[in-house]
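Reading the structure
Residues per chain are reported as follows:
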Amino acid sequence: MLKIQAILGENDVMAISEALKVVGIGGLTVTKVRGRGKRPGPEIHASKGSEIFVPQFNDKYFIEAIIPESKEDEVVNIIKENGRVGKIFVSQVLRAIDIATGEEGESTIM
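Quick look at the structure, then. Here the structure is a predicted model, which means the values were calculated and not measured.

1. What to know about the overall build of the chain
- Scanning the chain from terminus to terminus reveals 2 helices and 6 strands.
- Along the chain, helices (α) and strands (β) appear in the sequence β-α-β-β-β-β-α-β when read from the amino end.
- Whereas a compact globule of 110 residues would reach a radius of gyration of roughly 13 Å, the chain reaches 18 Å, over 25% beyond that.
- Dimensions of the chain along its principal axes, counting C-alpha atoms only, are 60 × 30 × 20 Å.
- Counting over 110 residues, the chain shows a buried share of 29%.
- At a minimum sequence separation of 6, the contacts of the chain that also span at least 24 residues come to 74%.
- In the structure as shown, the chain presents an accessible area of about 7,500 Å², 52% of it carried by carbon and sulfur atoms.

2. Observations concerning helix α1 (residues 13-22)
- Buried residues of α1: Val13, Ile16, Ser17, Ala19 and Leu20, and no others. For α1, the arc enclosing every buried residue in end-on projection is 165°, short of the 170-degree limit, so these residues lie on one face. Of the residues in α1, the exposed ones pointing more than 90 degrees away from the buried face are Met14, Lys21 and Val22.
- Check the buried side of α1 and you find it contacts β1 (2-8), β2 (29-35), β5 (58-67) and α2 (72-82).
- Where α1 terminates, the next one or two residues include Gly24, which has phi positive at roughly 90°.

3. Examining the side chain of Lys60
- As for its position among the elements, Lys60 is in strand β5.
- One buried charge, Lys60, has no salt-bridge partner; the nearest side chain with opposite charge is Glu10, at 9.0 Å.
- Setting aside chain neighbours within four positions, we find Lys60 in contact with Ile7, Leu8, Gly9, Thr31, Lys32, Val33, Gly35, Arg36 and Gly37.

Cut-offs applied
Residues numbered from 1 in each chain as written. Predicted model: local features only at pLDDT ≥ 70, side-chain atom pairs only at ≥ 80, totals over all residues. Heavy atoms only, no water. Helix = DSSP H or I, 4+ residues; strand = E, 2+ residues; numbered from the N terminus. Rg over C-alpha atoms; globule rule 2.2 N^0.38 Å. Buried < 20%, exposed > 50% of the residue type's maximum accessible area, 1.4 Å probe, protein only. Contact = heavy atoms within 4.5 Å. Areas by Shrake-Rupley, 256 points an atom, 1.4 Å probe, with all protein chains shown as cover. Arc of directions from axis to C-beta. Lys, Arg positive; Asp, Glu negative; His and termini not counted. Salt bridge = Lys/Arg side-chain N within 4 Å of Asp/Glu carboxyl O.

In structure tokens:
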């Protein structure tokens, strides 16, 4: 099993979510976070437009899914095709346990 995490600079979450449903990835966690990247955020005009403020942190979207290893390339491509700006991280999941049933392994994410 793999954990796919993506930090998106723009709200492309719905397009990614719908595309993941088509390939059988049902579980997805989405969090709206604040952060900074290489590019500065958009300027904000304050005080009736006479002052310009560049915020240190901007809104970002963090999505996370646990997937079978066989779907790695497919999921990464979906995020790349439907996301405009951001990063994707892939890491190994050693163990998954369903709390309600006590079931373990890949069947817990399907």
